[in-house]
Amino acid sequence: MSVTSEATTAWKGGLADGAGTVAFDSSHLGTFDVNWKARSEGSDSTTTPEELIAAAHSACFSMALSHALGENGTPPQSVDTTASVTFVPGKGITGSHLNVNAVVPGLSADDFARIAEEAKTGCPVSQALAGIDITLEATLA
């Protein structure tokens, strides 16, 4: 069975002077503002395509790691992942850095590092982002 997820963007104006909103079909949180200034200069109040990709990457990797740890017989108590996606105007998206901290009783740091690296490679969003550099910093708490 396949599942299709959707988001919709309504944009008005040109790139530099325009703005838009993004809405997720599954969310009742309303819309999220997007614009070029936030994308090219950063913003604490307006989202960017890269922030949305970071959300997808952190969620997917957390799921992949949780699954891999469970398959290893060492299910996690918790997995906290931050994805940092870098955008360079004129060049594009250049990388995604995953920083994960997990509590996994009974697992060595070496085994955790190996399983986390395998989860990074196997994560469907990582696979979709194969054209960029994906790095991992994994800490076992």
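Criteria and cut-off values
- Residues numbered from 1 in each chain as written.
- Predicted model: local features only at pLDDT ≥ 70, side-chain atom pairs only at ≥ 80, totals over all residues.
- Heavy atoms only, no water.
- Helix = DSSP H or I, 4+ residues; strand = E, 2+ residues; numbered from the N terminus.
- Buried < 20%, exposed > 50% of the residue type's maximum accessible area, 1.4 Å probe, protein only.
- Contact = heavy atoms within 4.5 Å.
- Areas by Shrake-Rupley, 256 points an atom, 1.4 Å probe, with all protein chains shown as cover.
- Lys, Arg positive; Asp, Glu negative; His and termini not counted.
- Charge placed at Lys NZ, Arg CZ, Asp CG, Glu CD.
- Pairing = 2+ DSSP bridges.
- Axes fitted to C-alpha atoms, helices over the stretch in contact; angles between N-to-C directions.
- Phe/Tyr/Trp six-rings, centres within 6.5 Å; stacked < 30°, edge-to-face > 60°.

1. Observations regarding the overall build of the chain
Move 1: Looking only at helices and strands, one finds 4 helices and 6 strands in the chain.
Move 2: For the chain, the α and β elements follow one another from N to C terminus as β-β-β-α-α-β-β-α-α-β.
Move 3: Summarising its shape, the C-alpha atoms of the chain cover approximately 55 × 30 × 25 Å along the three principal directions.
Move 4: For the chain, the proportion of its 141 residues judged to be buried stands at 30%.
Move 5: Across the chain, the fraction of contacts at a sequence separation of at least 24, relative to all contacts at a separation of at least 6, is 49%.
Move 6: Accessible area for the chain stands at about 8500 Å²; split by element, carbon and sulfur atoms hold 52% of it.
Move 7: With 6 positive and 16 negative side-chain charges, the chain shows a spacing of 8 Å between the two charge centroids.

2. A look at the sheet that holds strand β6 (residues 133-140)
Move 1: In spatial order, the strands read β4-β5-β6; together these 3 strands make up an open sheet with mixed pairing. Of all strands in the sheet, those bounded by a partner on one side alone are β4 (78-88) and β6. Here the strands of the sheet are splayed against their neighbours by 15° on average, with no regard to which way each runs.
Move 2: In terms of strand pairing, β4 meets strand β5 (residues 92-103) through 11 bridges, oriented antiparallel.

3. Observations regarding the packing of aromatic side chains
Move 1: This structure, assessed with the given rule, holds 2 aromatic pairs.
Move 2: Judged by centre distance (5.9 Å) and plane angle (85°), the rings of Trp36 and Phe87 are edge-to-face. In this pair, Trp36 is assigned in helix α1 (residues 36-41) and Phe87 in strand β4, connecting sequence segments 51 residues apart.
Move 3: With a relative accessible area of 23%, Trp36 lands in the partly exposed category.
Move 4: Residue Phe87 is classed as buried on the basis of its relative accessible area of 18%.

Interpretation in functional terms is not warranted from these geometric data alone.
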